[in-house]
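Tertiary structure, described
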Amino acid sequence: LVCGGDGTVTWVLQEIEESKNECPELFQGEVDPPIGIVPAGTGNDLARSLGWGPKLRRVSDLVNYVSWMLNSANVPLDQWKVELTFDNEQSRLPAAFSDPLPAPGGKVKYTG
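One structure accompanies this document, and this report is about it. None of the values given here were measured: they were computed from a predicted structure.

Let's talk about the nonpolar core
Counting residues in each nonpolar core, the largest one holds 11 residues, listed as V2, V9, V12, I16, F27, I37, V38, A47, W52, L56 and Y65. Taken together, the elements giving at least two residues each to this core come down to α1 (6-22) and β2 (37-39). When residues of this core are assigned to their parent elements, the largest contribution, three residues, is made by α1. Excluding residues that lie within four positions of it along the chain, I16 makes contacts with F27, P33 and I35.

Some points on the layout of surface pockets
Over the atoms, a rolled probe matching the size of one water molecule traces out where space is still vacant. There is about 630 Å³ of room inside the largest pocket. Taken together, 22 residues make up the lining of the largest pocket; nearest its centre are P33, P34, I35, V75 and L77. Of all the elements, α1 adds the most residues to the lining of the largest pocket, at four residues. Partitioned by chemical class, the residues of the lining of the largest pocket number 15 nonpolar, four polar and three charged. The computed volume of the second largest pocket comes to approximately 330 Å³.

So, how was this worked out
Residues numbered from 1 in each chain as written. Predicted model: local features only at pLDDT ≥ 70, side-chain atom pairs only at ≥ 80, totals over all residues. Heavy atoms only, no water. Core = buried A, V, L, I, M, F, W, Y, C linked by side-chain atoms within 4.5 Å. Buried < 20%, exposed > 50% of the residue type's maximum accessible area, 1.4 Å probe, protein only. Helix = DSSP H or I, 4+ residues; strand = E, 2+ residues; numbered from the N terminus. Contact = heavy atoms within 4.5 Å. 1 Å grid on protein atoms, 1.4 Å probe; cavity = no way out; pocket = protein on both sides within 12 Å on 5 of 7 lines; lining within 4 Å. Points joined across faces, edges and corners; volume = space filled by probe spheres on them. Nonpolar A, V, L, I, M, F, W, Y, C, P; charged D, E, K, R; others polar.

Purely spatial values, then, with no claim about function.
Okay, structure coming up:
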């Protein structure tokens, strides 16, 4: 059960992926362990889109979240990383993408 916002959920999912690579014996018979979300972040877009609600209102509601998690169906998710490469640095992208990095052939690369 992850208590946080979109960034926290993303971090937990990334850590699970790293753990699967570093310690595969922990995941025998379990390809992707299920997680539940307690929406305690700022935006909570993922929690809202999966039906967990927009925001944790009261600490006493945690009991309900645990119950929902134990009785809910799994929804498969995938994560991905976008990498864009341009011929020059004139192409600027939103702040969600990293500062430009040099790429082979004098090009500019952004990741996000």
